[in-house]
Amino acid sequence: MSVFIRKLILLLTLASPLAYSPAANAIALDIGTYSGSGCCSFGTRGYWFEAQQDFVINALDVSVGGANESTSTLEVLSFNSPIPDFPSLTNDFTSLFYQAGSYTASALGIQIYAGDLIGILGYNGSVTPYSTETSGYVSSSPIVSTLSRLGFQNTGMASNVWTESDASIGFIQMDYTLGTSSVPIPAPLALIGLGLLGMGLTRKRS
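Here is a short report on the structure shown in this document.

Procedures and definitions
- Residues numbered from 1 in each chain as written.
- Predicted model: local features only at pLDDT ≥ 70, side-chain atom pairs only at ≥ 80, totals over all residues.
- Heavy atoms only, no water.
- Disulfide = S-S within 2.5 Å.
- Buried < 20%, exposed > 50% of the residue type's maximum accessible area, 1.4 Å probe, protein only.
- Salt bridge = Lys/Arg side-chain N within 4 Å of Asp/Glu carboxyl O.
- Helix = DSSP H or I, 4+ residues; strand = E, 2+ residues; numbered from the N terminus.
- Contact = heavy atoms within 4.5 Å.

1. Considering the state of the cysteines
The full count for this structure, using the stated rule, is one disulfide. Disulfide partner of Cys39: Cys40, at an S-S distance of 1.2 Å. The sign of the S-S torsion, about 45°, decides the handedness of the disulfide formed by Cys39 and Cys40: right-handed. In terms of burial, Cys39 and Cys40 fall into one category: buried.

So, in structure tokens, the structure goes:
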């Protein structure tokens, strides 16, 4: 096989959207089990943790006990400083992802790094479903050490967020993959590469 053909195959492989599948080995985060109840019509709940290693959030699901998908929300927060205990509040965070109107979100590809303080919030249209576990839950998942309650007294996008001890964490399912994501070269760049390769070949023949 000629060098030209080998380079052509390599470029086409990199250009393919199938060259990387971030959810191929997705793992479900251990958040306990659904308690059968939730809280609240006036507020949103969830959980937060300190990442113990690099991983990628692939999917979220707050469908358990859902009542009105059109008003459901999902959000991922990255905190810049420790989360205060209620009644103290914080807005010192960045929203990495927000979605309204669907119980589930997939193919997210949100990169998280070891040491990040991450919050997961969800509302199923009437309440946030609760886990059987409470703040300080020692998860079996290697990407976290403990899960603690996170919340704010409203629905929609997060604001004035707090944590709370001895309180239920939200049952918002999360799938992840370990490590860092690998982003393929976009097709337009690969096509440019093919063009340059072709020009080089033509010049050599001339």
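2. Notes on the pattern of salt bridges
Per the counting criterion, the structure on display carries one salt bridge. In this structure, the salt-bridge partner of Glu164 is Arg149, at a minimum N-O distance of 3.4 Å. Of this pair, Glu164 sits in strand E13 (residues 162-164) while Arg149 sits in strand E12 (residues 146-152), and the two are 15 residues apart along the sequence. For Glu164, a relative accessible area of 29% corresponds to the partly exposed category. Taking relative accessible area as the criterion, Arg149 reaches 9% and is therefore assigned buried.

3. What about the side chain of Thr73?
On the secondary structure map, Thr73 appears in strand E5 (residues 73-79). For Thr73, a relative accessible area of 7% puts it in the buried group. For Thr73, the contacting residues outside a window of four places in its chain are Val62, Tyr98, Gln99, Ala100, Leu121, Gly122, Tyr123 and Gly156.

4. A look at unusual backbone geometry
Note on backbone geometry: most residues besides glycine have negative phi, and most peptide bonds are trans. Geometrically, the link from Cys39 to Cys40 is a cis peptide bond, its omega value of 5° lying close to zero. Cis geometry marks the peptide bond from Phe86 to Pro87; its omega dihedral reads 15°. Secondary-structure assignment places Pro87 in the loop between E5 and strand E6 (93-100). Phi is positive for Asp166, which is not a glycine, with a value near 50°. Mapped onto the secondary structure, Asp166 falls in the loop between E13 and strand E14 (168-170).

Distances and angles like these do not, on their own, reveal function.
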